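Topology and contacts: notes
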Amino acid sequence: VEAVPLPEQLLIARVRRAVPQSAAVRAGIGDDCAVLEVPRGQQLLVTTDFTLENVHFRRDWHAPEVVGRRCLMRGLSDIAAMGGRPLAAFLSLALPADLAQPWVDRFYRGLLELAREFRVAFAGGDTSQSPCGIQADIVVTGAVPRGQAILRSSARPGDRIYVTGELGGSAEAVHQLLKSPRKPAQKLRPADYPRHFHPTPRLAQGEWLRRRGLASAMIDMSDGLSTDLDHICQESGVGAVIEAAAIPLARVGRPAYSVSLERALHGGEDYELLFTSAKKLPSRMAGIDVTQIGQITRGKAMTLALDNGRRQKLIPHGWEHFRKDREPR
Ligand SMILES: [Mg+2]
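Before going into details, it helps to say that this report is about the structure given with it. (Residues numbered from 1 in each chain as written. Predicted model: local features only at pLDDT ≥ 70, side-chain atom pairs only at ≥ 80, totals over all residues. Heavy atoms only, no water.)

1. Overview of the coordination of the magnesium ion
- Looking at the magnesium ion, one finds its protein donor set to be Asp 78 (OD) and Asp 220 (OD), positioned 2.0 to 2.1 Å from the metal centre. In this pair, Asp 78 sits in helix α2 (residues 64–81) while Asp 220 sits in strand β8 (residues 217–220), placing the two residues 142 residues apart along the sequence. (Donors = N, O, S within 2.8 Å, 3.2 Å for Na, K, Ca; no water. Helix = DSSP H or I, 4+ residues; strand = E, 2+ residues; numbered from the N terminus.)

2. Quick word on the nonpolar core
- Among the nonpolar cores identified, the biggest contains 46 residues, and Leu 72, Leu 91, Phe 107 and Phe 275 are the most heavily contacted of them.
- Excluding residues within four positions of it along the chain, Phe 107 makes contact with Pro 64, Glu 65, Val 67, Gly 68, Cys 71, Leu 91, Leu 93 and Ala 136.
- Core analysis: the next-biggest nonpolar cluster, separate from the first, contains 36 residues, Val 174, Val 252, Ala 264 and Leu 265 among them. (Core = buried A, V, L, I, M, F, W, Y, C linked by side-chain atoms within 4.5 Å. Buried < 20%, exposed > 50% of the residue type's maximum accessible area, 1.4 Å probe, protein only. Contact = heavy atoms within 4.5 Å.)

3. Regarding the pairing of strand β14 (residues 288–297)
- Bridging between strand β7 (residues 160–164) and β14 involves five bridges; their strand directions are antiparallel. The partner of Val 163 across the bridge, within β14, is Thr 291.
- Here four bridges tie strand β9 (residues 239–243) to β14, and the two strands are oriented antiparallel to one another. Within β14, the position partnered with Ile 242 by the bridge is Gly 294.
- As defined by bridge partners, strand β13 (residues 284–285) adjoins β14 across two bridges and the pair is classed as antiparallel. Residue Met 285 lies in a different strand from β14, and its bridge partner there is Ile 288. (Pairing = 2+ DSSP bridges.)

4. A look at the packing of aromatic side chains
- Applying the stated criterion across every chain yields a total of four aromatic pairs.
- Summarising the aromatic geometry, the rings of Tyr 162 and Phe 275 are spaced 5.4 Å apart at their centres and angled 15° between planes, so their arrangement reads as stacked. With Tyr 162 in strand β7 and Phe 275 in strand β12 (residues 273–277), this pair connects stretches of sequence that are 113 residues apart.
- Here Tyr 162 falls in the buried class, since its relative accessible area comes to 2%.
- Chaining the aromatic ring pairs together yields one cluster made of Phe 57, Trp 103, Phe 107 and Tyr 108. (Phe/Tyr/Trp six-rings, centres within 6.5 Å; stacked < 30°, edge-to-face > 60°.)

5. Observations concerning the sheet that holds strand β3 (residues 42–52)
- Spatial strand order, β3-β6-β4-β5: four strands in an open sheet with mixed pairing. Where the open sheet ends on each side, the last strands, each with one partner, are β3 and β5 (121–129). Neighbour-to-neighbour, the strand axes of this sheet turn through a mean angle of 15°, independent of strand direction.
- Alignment of strand β4 (residues 85–95) against β5, held across eight bridges, turns out to be parallel. Bridging from a neighbouring strand, Ala 88 pairs with Ala 121 of β5. (Axes fitted to C-alpha atoms, helices over the stretch in contact; angles between N-to-C directions.)

6. Topic: a nonpolar patch on the surface
- Together, Val 38, Leu 44 and Val 46 give the surface a local cluster of nonpolar side chains, amounting to about 240 Å² of exposed area.
- Relative to the elements of secondary structure, Leu 44 occurs in strand β3.
- Of the residues examined, Leu 44 reaches a relative accessible area of 43% and is grouped as partly exposed. (Patch = residues over 30% accessible without salt bridge, like charges linked within 9 Å, V, L, I, M, F, W, Y side chains within 5 Å. Areas by Shrake-Rupley, 256 points an atom, 1.4 Å probe, with all protein chains shown as cover. Salt bridge = Lys/Arg side-chain N within 4 Å of Asp/Glu carboxyl O.)

7. Some thoughts on empty space enclosed by the protein
- Applying the stated criterion across every chain, the model contains one cavity of 30 Å³ or more.
- In this structure, the largest cavity encloses a volume near 50 Å³.
- Ranked by residues supplied to the lining of the largest cavity, first place goes to α2 with four residues. (1 Å grid on protein atoms, 1.4 Å probe; cavity = no way out; pocket = protein on both sides within 12 Å on 5 of 7 lines; lining within 4 Å. Points joined across faces, edges and corners; volume = space filled by probe spheres on them.)

8. Some remarks on the pattern of salt bridges
- One pass over the full model with this rule turns up 17 salt bridges.
- Across the salt bridge formed by Arg 106 and Glu 65, the nearest N and O atoms sit 2.8 Å from each other. With a gap of 41 residues between them, Arg 106 in helix α3 (residues 101–117) and Glu 65 in helix α2 connect regions that are remote in the sequence.
- Under the relative-accessibility criterion, Arg 106 is labelled partly exposed at 32%.
- For Glu 65, a relative accessible area of 22% translates into the label partly exposed.
- The closest approach of N and O atoms between Arg 69 and Glu 113, which form a salt bridge, is 3.2 Å. Of this pair, Arg 69 sits in helix α2 while Glu 113 is found in helix α3, placing the two residues 44 residues apart along the sequence.

9. Overview of unusual backbone geometry
- Going from Arg 254 to Pro 255, the amide bond is cis rather than trans, its omega being -5°.
- Within the secondary structure, Pro 255 is located in the loop between β10 (251–252) and β11 (257–258).
- Phi is positive for Arg 119, which is not a glycine, with a value near 50°.
- Residue Arg 119 is classed as exposed on the basis of its relative accessible area, which comes to 70%.
- Residues other than glycine seldom take positive phi values, yet Ala 286 does so here, at roughly 45°.

Okay, here's the thing in C-alpha cells:
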C-alpha cells in the first residue's frame with residue numbers, strides 16, 4: 001500500500017491532468033496564485049467550507065467518492081444560493097501519513113466527477129500531512145451579474161416561502177447509520193438515500209430564479225429548515241409561518257418511506273434551496289419540484305401551523321453532525 005501524502009508535485013500533476021479547463025482561469029495550478037477572469041459586469045462570489053473526518057463524514061460510512069463529491073457540493077450549493085455560476089474551485093487537503101493512496105484517488109474521482117458535471121475548473125490548492133484525520137477545505141468562486149446576487153437579508157412581510165426538492169432525506173441516512181454504527185455503510189444502499197450519498201447542487205434552479213428576478217431572499221439548506229429559515233428571518237428582520245402539512249417530506253429507504261416531520265424541519269445537509277418570493281411560482285423549476293411551505297410575516301417570531309389548526313413556536317434546532325445527543329429525534 002502506497003503511503004500518502006504523495007509528493008505534492010505528483011499530486012498536482014495528477015489533478016492538473018484531470019480537471020476541466022476554463023476560460024475564467026488565466027493561470028491556475030502551477031503558479032503562485034490563480035489569476036481569475038471575472039466576466040464583464042459581474043461580481044465575484046467566494047465561499048469556503050471544511051470537510052472534516054468524523055464531523056462531516058466517517059470513513060466507515062462514506063465511500064471516498066462520496067466524501068469528494070460532498071466536499072465540492074458544499075461550495076457549489078453556496079454559489080447556487082446566491083443565484084451565481086461557479087468559476088473555479090481550490091482545495092486544501094491534509095491527510096494522515098498512513099492513509100492508503102487508493103482512498104485519495106477515489107476522493108478525487110468523486111470530486112472531479114461533480115466538477116465536470118458543472119464545468120468547474122480547479123485552479124489550485126495545498127496538501128499537507130495531518131496529525132489527526134482527513135481534513136479538506138474547499139474554496140469555490142463564482143460570478144453573478146453586478147447587484148443581482150440573491151441575499152438572505154431581503155425577505156419582506158407577505159412574501160411566500162418556497163423550498164426545492166424534498167427535506168430530511170440526508171439526516172434520515174445519518175439517523176439510520178447512527179442507529180447501527182457497526183453496520184457497514186454498504187448495507188445502507190446509497191441509491192436509497194440519494195440526497196445524502198449523491199447530492200447535486202441546485203445551480204440551475206438558483207440561476208433560473210435570479211434571471212427572472214423572482215427570489216427576494218435565498219439560502220441553501222445546510223443546517224436544516226428551522227435553522228436556515230431563522231438565518232433569513234434574522235438577516236431580513238422578519239418572522240415566518242410554516243404550514244407543517246405543506247413541507248415536502250423526503251421519501252427514502254427500501255421499501256421507501258416518508259421521513260418524519262421532525263427530520264424534515266431540523267435535519268441538515270439537504271442542500272435544497274430555501275427562498276422567498278412576492279410571486280406565486282410554478283410547481284416545477286428547471287426540472288425540480290418547488291413547494292410553497294409558508295409566508296413571511298411582520299414581527300420576529302417563527303411559527304409552525306399544524307394540520308389540526310394549532311400553532312406552535314418554531315425553534316431553530318441547530319444541526320450538529322453525528323452528535324447523538326444533539327441529533328434530531
Ligand atoms: Mg450556504
